[in-house]
Structure formats: structure tokens, C-alpha cells
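# Chain and residue survey
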Amino acid sequence: MSTPLIGIVVSTSRPGRIGPKVARWVSELAPYGVRAEVVDLAAIDLPFLADRAMPAQGEYDLPSTLAWSEKVGGFDGLILTVAEYNGGYPAVLKNALDTLHAEWAGMPVGVVGYGWGGAAAATGALATVLDRLRTVRLDGPGLRFGEDLSPEGDVLDAAPEDAVRGLYDQVLAAARESAALPV
Ligand SMILES: Cc1cc2nc3c(=O)[nH]c(=O)nc-3n(C[C@H](O)[C@H](O)[C@H](O)COP(=O)(O)O)c2cc1C
């Protein structure tokens, strides 16, 4: 039986960000027998849409797009950790989504927000985009500063570990349904 591989995406790129800490916490909650790989969009470092063809044509000429496509295609599912910026989600995440197209259709995508209000505005806005891209969107918890998370990114005792474990279960179930993953 092949080991399911879930990508845990860091959606922010600014210096001093806490996104990697949130993603590491999520990755550490992966169930036994599942591999979780943190994918940092700062390291993926995509230019703003710079391929000659439209993403929907799937004719990528930039090495960075080809590498991103291959990376996404290697995952059985994703969990996005999503910061809230001015009531939306980070532009680096939108660009990473817009850069590809066919890769998203049918991809199980879980969402874990973090912000003062659990990033509800950010994840709400993101839902529209994930649905348009025809992902299998799976809404997870929103971590709240002061309750679940310190502003420095330390995960607190109240953080909803069980909800994240439940999200993994949903992502894996969707992956099994949509692809050749064994039960
Ligand atoms: C440009 C900017 C806008 C922000 N806007 C919001 C916001 O609308 N709601 C919120 O809860 N937090 C907001 N914050 C606080 C972020 O949630 C917090 O800084 C978080 O750590 C951002 O994720 P990051 O550290 O991975 O970049 C904002 C932060 C930045 C940098």
C-alpha cells in the first residue's frame, strides 16, 4: 500500500511570518501512515502569472510553473494554512492557485485559517476560488490569536487538534474516492 502524501501549504511569504509554525503544527497532527510535507510558497517563489499561455491551456513554459505543477500533482491532497490579510487571504496564495488550472480539479483541499477572528473572512473568500477551481473543498478550523495561537505563532493548549485530525480524515477519504488510493 502506498503511503498517502498530503501537502501542508504555507500561504504567506513576509519576513517574520508565523505561517511555517502553523503549518508545522498541522503537519505534526498527520495520522499514522500518512506523510505530511510542508510546502512553503515563499520557497516556491512563483512570479505573478508570467507564462505565455493561459493557465487553463496547460501549456506551461516557465520552469517555475512546471515545477509547481509537478509538485502539486505529486500530492494526494492538500491542507492550506491561510492567514487573514485585510479581510482577505494572502496574494501569494491566490497567485499560486491562479498559476495552475487542471491540477486543482478534484484535488481534496482542506483549509485551516489563522487570524484574530479565526481568519473567517479570508477562508470565506478563498472558498469561492477553491470552488471555482473545482477542488474538493474541506473546511477546517480557524485558529484565533489569544485563544489557540499567540501572535508570535506559538500554538496554545486550546488549539483544535481534534478538528485538524478530522480534517485529515476528510482529505484522505476524498483522496480515496477520487483516485487510486487504497482504503
Ligand atoms: C497586511 C496585513 C493585514 C492583516 N490583516 C488582518 C485581518 O484582516 N484580520 C486578522 O485577523 N489579522 C490580520 N493581520 C494579522 C495577521 O493575521 C497576522 O499577522 C498573521 O501572523 C499573518 O500571518 P503570517 O505571520 O504567516 O504572515 C494582518 C497582517 C498583515 C501583515
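The notes below deal with the structure included here. (Residues numbered from 1 in each chain as written. Predicted model: local features only at pLDDT ≥ 70, side-chain atom pairs only at ≥ 80, totals over all residues. Heavy atoms only, no water.)

Let us look at the pairing of strand β2 (residues 35-40). Taken residue by residue, a regular strand's side chains alternate between the two faces of the sheet. Alignment of strand β1 (residues 5-10) against β2, held across six bridges, turns out to be parallel. When the bridges of β2 are listed, V10 appears paired with D40. Between the parallel elements β1 and β2, the chain passes through helix α1 (residues 19-28) in a crossover that is right-handed. (Pairing = 2+ DSSP bridges. Helix = DSSP H or I, 4+ residues; strand = E, 2+ residues; numbered from the N terminus. Right-handed = clockwise from strand over helix to strand, strands pointing away.)

Now for the site of the ligand. T12, R14, Y85, Y114 and W116 are the nearest of the 14 residues found near the ligand. Contacts to the ligand include I18, whose backbone N or O atom sits 2.8 Å from an oxygen atom. A total of 600 Å² of accessible area belongs to the ligand in isolation, and the protein chains cover 74% of it. Partitioning the shell around the ligand into residue classes produces six nonpolar, five polar and three charged. (Near = heavy atom within 4 Å. Polar contact = N/O pair within 3.5 Å; in protein donor to acceptor, adjacent residues only side chain to side chain. Areas by Shrake-Rupley, 256 points an atom, 1.4 Å probe, with all protein chains shown as cover. Nonpolar A, V, L, I, M, F, W, Y, C, P; charged D, E, K, R; others polar.)

Let's shift gears to the nonpolar core. W68, L80, V82, L93, L97, W104 and L126 are the most contacted members of the largest nonpolar core, which has 27 residues in total. Elements supplying a minimum of two residues to this core: β1, α3 (63-73), β3 (77-83), α4 (91-99), β4 (108-115) and α5 (120-132). At four residues, the largest contribution of residues to this core is made by α5. With residues near it in sequence (within four places) discarded, L93 still touches S11, L41, L80, V82 and L126. In this structure, I8, V34, L149 and V171 belong to the second largest nonpolar core, which totals 25 residues. (Core = buried A, V, L, I, M, F, W, Y, C linked by side-chain atoms within 4.5 Å. Buried < 20%, exposed > 50% of the residue type's maximum accessible area, 1.4 Å probe, protein only. Contact = heavy atoms within 4.5 Å.)

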